[in-house]
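In case you want the letters, here they are:
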Amino acid sequence: MKNLKAFLSALGSHLSSESILTDPHECNAYGTDWTRQVANVSAVLLPRSTDQVAKILSLANELEIQIVPSGGRTGLAGGAVASKGEVVLSLSKMNRIDSVDRLSKTVRVQSGAITEAVHEHCKQSGLLWPIDLAAKGTCEIGGNLSTNAGGVRVIRYGMTRKWVTALQVVTMQGEIIELNRNLEKNNTGYDLLQLIIGSEGTLAVITEATLKLTRLPRFKNIFLFSVTSLEQMARLCEEANFGPFHITAFEFFSQKCLHTVQEKLKRISRIGDTAPFYVLMEIERSSNDLSEVEEWLGKILEESLVVDGSLAQSSEDEKASWGLREGITESIAVTGPVRKYDVAVPVSQMVPFLTEGQKMFSRMNLSIDLYLFGHFGDGSPHFNLVKKPDCSMQEFSNQCDRFEIELFALLKRYGGSVSAEHGVGNLKKHWVTYSRTNRELELYRSIKKAFDPKHLLNPGKILDI
Ligand code: 2HG
Ligand code: ZN
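Reading the values: rules and limits
- Residues numbered from 1 in each chain as written.
- Chains lettered and ligands numbered in written order.
- Predicted model: local features only at pLDDT ≥ 70, side-chain atom pairs only at ≥ 80, totals over all residues.
- Heavy atoms only, no water.
- Helix = DSSP H or I, 4+ residues; strand = E, 2+ residues; numbered from the N terminus.
- Rg over C-alpha atoms; globule rule 2.2 N^0.38 Å.
- Buried < 20%, exposed > 50% of the residue type's maximum accessible area, 1.4 Å probe, protein only.
- Contact = heavy atoms within 4.5 Å.
- Areas by Shrake-Rupley, 256 points an atom, 1.4 Å probe, with all protein chains shown as cover.
- Lys, Arg positive; Asp, Glu negative; His and termini not counted.
- Charge placed at Lys NZ, Arg CZ, Asp CG, Glu CD.
- Patch = residues over 30% accessible without salt bridge, like charges linked within 9 Å, V, L, I, M, F, W, Y side chains within 5 Å.
- Salt bridge = Lys/Arg side-chain N within 4 Å of Asp/Glu carboxyl O.
- Donors = N, O, S within 2.8 Å, 3.2 Å for Na, K, Ca; no water.
- Pairing = 2+ DSSP bridges.
- Axes fitted to C-alpha atoms, helices over the stretch in contact; angles between N-to-C directions.
- Phe/Tyr/Trp six-rings, centres within 6.5 Å; stacked < 30°, edge-to-face > 60°.
- 1 Å grid on protein atoms, 1.4 Å probe; cavity = no way out; pocket = protein on both sides within 12 Å on 5 of 7 lines; lining within 4 Å.
- Points joined across faces, edges and corners; volume = space filled by probe spheres on them.
- Nonpolar A, V, L, I, M, F, W, Y, C, P; charged D, E, K, R; others polar.
- Near = heavy atom within 4 Å.
- Polar contact = N/O pair within 3.5 Å; in protein donor to acceptor, adjacent residues only side chain to side chain.
- Parallel < 35°, antiparallel > 145°, perpendicular 65-115°, else oblique.
- Left-handed = near helix turned anticlockwise from the far one by under 90°.

(A) Structural context of the overall build of the protein. Within the protein, the secondary structure is distributed over 15 helices and 17 strands. Rg of the C-alpha trace for the protein: 23 Å, near the compact-globule value of 23 Å for 465 residues, within the 12% margin. The 465 residues of the protein split such that 55% are buried. The contacts of the protein with a sequence gap of at least 6 include a subset with a gap of at least 24, amounting to 74%. Per element, the accessible surface of the protein, about 20500 Å² overall, is 49% carbon and sulfur. Of the side chains in the protein, 52 bear a positive and 54 a negative charge, and the two mean positions are spaced by 4 Å.

Written out as structure tokens, the structure is:
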């Protein structure tokens, strides 16, 4: 990359030598994410402070160096991929977590803090940052914010953007900006904090955030259900909406997903595995008295709203139940090459959409396996296509492309979105027009230009400029 040498040597007086990596093997590990795209990274920078980030960005802007911000790199849309010789700016060393402010129920953290570490920290004060996803042990707060991550509790708490009261960001010109001053109410015009959240590192680099917290649920229970059909699943969900509790997760998976988690990860289900679909439902209650919940479960079983249903009796049971749902991505990853679709439709359209999607898949007669799972209660299913051993890589890729066209056409008819929670990255950008109008995209370009006129920050993500 042009000017790279000059850039790194200028940085030498601001960053220690351990904060600058140039060994290609070491660097490339920072240039990919869970999409496993091939990385091509010129250098990796590991700043320890916001001032260092500001220095890096202002120098990069001056010397026209392309920068890819990076967190835990667990993304599934290629938002943190550096494949064109960019310099990766990793926030991982900036992982400070301040003490919890119990009065305002907030905590200030740096971007590189691991999501699960933030959970553990807040738990000691009886509080929760309610963004919870299978990657929580590895993903970082900066990545959660940049992608407006979803996860398994959106049905109760919403997406990441609801749980932030302030951000510190650095622009490509190296300005440090504090957004929103930790105010719960700040009704003074455009909300730049919300603009940055979900912008996938294309507008500015998030260095710190004040996260909004809520009380830890007092009593939680986890059910596993098996159902005969999607219709039955929808009836169960509707019934649960009016049960004597709050639903905190309503997740589903197909029999194929269950069998794969059982086989590849040796996870055990306490209900049978012969039904076509399964539901993991988590609920929250304010009282310790389980009788109302047991009565509700009795009614569900009696009215045959499910094939089988079971309430976890111990924390091991609970962990085992979540292990089935949260192990799906990992078990699929060890099964074979995979193409992922993370789409959204109105919750009321989940049954017809998924029914048509499955029929379409069968009709196409592909030599691919379909794994269907996701967040039923949020209207956000995941279609994972996995290569069969006897299908060549080229054939797999062609067949996925054919399926993709049909899936997105169906999605369009249902007024859905091509990305529910994983973001656009470099994988979904060609389909953005299915979810956004041309006028919206024109405005996107103007916004990008206002922040980063030279197109140096996370180039080729969300949009080609
Ligand atoms: C989940 O819901 C994640 O577990 C990953 O969003 C989905 O692997 C996937 O397709
Ligand atoms: Zn998901």
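(B) Quick peek at a nonpolar patch on the surface. On the surface, a cluster of nonpolar side chains totalling about 350 Å² of accessible area is made up of Y190, L192 and L195. Position of L192 relative to the elements: it lies in helix α7 (residues 192–196).

(C) Main features of the pattern of salt bridges. Tallied over the full model, the rule gives 24 salt bridges. For the salt bridge of R153 with E282, the shortest nitrogen-to-oxygen distance reads 2.7 Å. Here R153 is found in the loop between α5 (141–146) and α6 (154–157), whereas its partner E282 is found in strand β13 (residues 277–285), with 129 residues between them in sequence. For R153, a relative accessible area of 10% translates into the label buried. The class for E282 is buried, based on a relative accessible area of 1%.

(D) Representation of the coordination of the zinc ion (ligand 2) in the model. Coordination sphere of the zinc ion (ligand 2), protein contribution only: H375 (NE2), H382 (NE2) and E421 (OE), at 1.8 to 2.1 Å. Along the chain, the residues that donate to the zinc ion (ligand 2) are spaced as H-x6-H-x38-E. Linking H375 in strand β16 (residues 368–375) with E421 in the loop between α14 (393–413) and α15 (438–451), this pair joins segments that are 46 residues apart in sequence. Residues H375 and E421 agree in their burial class; the two are buried.

(E) Representation of the sheet that holds strand β4 (residues 86–90) in the model. Ordered in space as β1-β2-β4-β3, the 4 strands form an open sheet in which the pairing is mixed. Each of the sheet's edge strands pairs with one partner strand only, and the pair in question is β1 (20–21) and β3 (67–70). One ladder, built from 4 bridges, connects strand β2 (residues 41–45) with β4; its direction is parallel. The partner of V41 across the bridge, within β4, is E86. Its contacts with the sheet put helix α1 (residues 4–11) on β1, β2, β3 and β4, and the angle it makes with β2 is roughly 10°.

(F) Inspection of the packing of aromatic side chains at higher detail. Counting across every chain of the model gives 17 aromatic pairs. On the numbers, 6.0 Å between centres and 80° between planes, the contact of F353 with F383 is edge-to-face. Of this pair, F353 sits in helix α13 (residues 350–364) while F383 sits in strand β17 (residues 380–387), and the two are 30 residues apart along the sequence. Comparing F353 with F383 shows no difference in burial state: the two are buried. Here W431 and Y434 contribute two aromatic rings whose centre-to-centre distance is 5.1 Å and whose plane-to-plane angle is 80°, an arrangement assigned as edge-to-face. For Y434, a relative accessible area of 27% puts it in the partly exposed group. Through a chain of ring-to-ring contacts, three or more aromatic side chains come together here, namely Y341, F353, F361, F383, F403, F408, Y414, W431 and Y434.

(G) Geometry of the layout of surface pockets. What the second largest pocket holds in volume is close to 750 Å³. Surrounding the second largest pocket, 34 residues form its lining, G198, V424, R436, Y444 and I462 being those nearest its centre. Mapped by element, the contributors of at least two residues to the lining of the second largest pocket are α7 and α15. With 3 residues, the top contributor of residues to the lining of the second largest pocket is α15. Residues of the lining of the second largest pocket, tallied by class, amount to 14 nonpolar, 13 polar and 7 charged.

(H) Spatial organisation of the site of ligand 1. Every residue lining ligand 1 is accounted for by L76, R325, T329, K340, F373, H375, H382, N384, E421 and H422. One nitrogen or oxygen atom from the side chain of N384 is found 3.0 Å from an oxygen atom belonging to ligand 1. Between E421 and ligand 1, the recorded distance is 3.0 Å, taken from a side-chain N or O atom to an oxygen atom. In the complex, 90% of the free accessible area of ligand 1, which totals 290 Å², lies under the protein chains. When contributions to the shell around ligand 1 are tallied by element, the ones reaching two or more residues are β16 and β17. Per-class residue counts for the shell around ligand 1 are 2 nonpolar, 5 polar and 3 charged.

(I) How the structure looks around unusual backbone geometry. Residue N148 is not a glycine yet carries a positive backbone phi of 50°. Residue N148 is classed as buried on the basis of its relative accessible area of 10%. Despite not being glycine, E200 has its phi angle at roughly 55°, a positive value. As for its placement among the helices and strands, E200 is situated in the loop between α7 and β9 (205–212). On the basis of relative accessible area, E200 is assigned to the buried category, the value being 7%.

(J) Representation of the packing of α1 against helix α3 (residues 50–63) in the model. It is the contact of α1 with α3, at a shortest axis distance of 10 Å, that shows an interaxial angle of 155°. The orientation of α1 with respect to α3, classified from their angle, is roughly antiparallel. Like other packed secondary-structure pairs, α1 and α3 cross with a definite hand, here right-handed. Residues A6, F7, A10 and L11 of α1 form the contact with α3, whose participating residues are I56, L59, A60 and L63.

(K) Seen up close, the pairing of β17. Within β17, 8 of the 8 residues are buried, which leaves the element mostly enclosed by the surrounding structure. The pairing of strand β15 (residues 338–342) with β17 spans 5 bridges and is classified as antiparallel. What sits directly across from Y341, in β17, is F383. Counting the residues between successive antiparallel strands, the hairpin from β16 to β17 contains 4 residues, one of them, G379, with a positive phi of roughly 70°.

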